[in-house]
Amino acid sequence: MTANVLLCGYSYHRERFYTHYKHGVPSYLFRIQTEGSSTVVAGGRTYELEQGDLLLLKPGDTYELRIEERAAGSKGSLISSGDYYIGCDGAWVTEWWERSPKAAVTRIDLDEKLLGLWQQIIAEKRRLEDGGSPELTGYLLRALCLYLERAATDTAPVSGRPFSVTRMKRFIEEHATRTFKVEEVARHAGLSVSRAVHLFKESYGKTMMEYAQEIRLTAALERMKYTSMTLDQIAETCGFGGYTYFHRVFKEKYGISPGAYRSGGGLTGLAAEQA
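Structure report, in brief. (Residues numbered from 1 in each chain as written. Predicted model: local features only at pLDDT ≥ 70, side-chain atom pairs only at ≥ 80, totals over all residues. Heavy atoms only, no water.)

In this model, the second largest pocket occupies a volume close to 300 Å³. Forming the boundary of the second largest pocket are 16 residues, of which Leu7, Tyr21, Leu29, Tyr63 and Tyr85 lie nearest the centre. At the level of secondary structure, the elements contributing two or more residues to the lining of the second largest pocket comprise strand 1 (4–13), strand 2 (17–21), strand 3 (28–36), strand 7 (63–67) and strand 10 (81–89). Residues belonging to the lining of the second largest pocket are distributed by class as follows: 9 nonpolar, 5 polar and 2 charged. (1 Å grid on protein atoms, 1.4 Å probe; cavity = no way out; pocket = protein on both sides within 12 Å on 5 of 7 lines; lining within 4 Å. Points joined across faces, edges and corners; volume = space filled by probe spheres on them. Helix = DSSP H or I, 4+ residues; strand = E, 2+ residues; numbered from the N terminus. Nonpolar A, V, L, I, M, F, W, Y, C, P; charged D, E, K, R; others polar.)

We now examine helix 6 (residues 193–204). Taking 1.5 Å per residue as the helical rise, helix 6 with its 12 residues ought to reach 16 Å, and the 17 Å between its terminal C-alpha atoms agrees with that figure. At its buried positions, helix 6 is contacted by helix 4 (163–175), helix 5 (182–189) and helix 7 (208–226). A positive phi of about 70° marks Gly205, the residue just after helix 6. (Expected span 1.5 Å × (residues − 1). Contact = heavy atoms within 4.5 Å.)

The next thing to look at is the side chain of Ser37. Positionally, Ser37 belongs in the loop between strand 3 and strand 4 (38–42). Looking at Ser37, the relative accessible area reads 9%, which means it is buried. (Buried < 20%, exposed > 50% of the residue type's maximum accessible area, 1.4 Å probe, protein only.)

Right under this line is the structure:
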């Protein structure tokens, strides 16, 4: 099934701007506000978009975009609005759209992977003029759709958990293989350290660092199996800081040293060691 990128790009406005599709947009339209603010009228409703607001429209949806002056505290007023946008169509996109409800506007987390994917689609779209690959552009579009769908879903409470807890979990998953502090996780979720620590433990039955340790150990196991990296390199790139600490944590968890695990062909080496 097809997934076609019709137009895409990044726009930044410092002057008043207005556009209006009174008969509806001709294709699916995705727009993410990355800087400043704007006003959108879609489906008869008015939305004041701020950084992180995702707009999703289907063909035929009415759309009006206004970028105007906004109050800027003691500096008076200013005009500032930055966004990534993409217009697309195709049977795959239609099927993706119809398989679950899509809110017109959703607040999502802006992260480097999302914006990097959007930027790659823009670059590949330009390359099409010089013999680039429509197939690659189509697959990147599919990845973007799925990424946006997950990002929008993550904003909804899961099993009664507040969104701030989900944000903490996602932050840890993204940063587990480097050194980070609990304060960073709390700040990302907009919580005090004590509140963040309590909420996370209450929701998942483990501390943030215990969860990060699980991810680091899983990453280490994969690298020990499938790469030729040294154990020192694995310890450093998986967030343990050094081999000594990695050795201690690994042995506490699995009852076998990293070296014995690797030379014994995996955790089956544990049974042989204990026999």
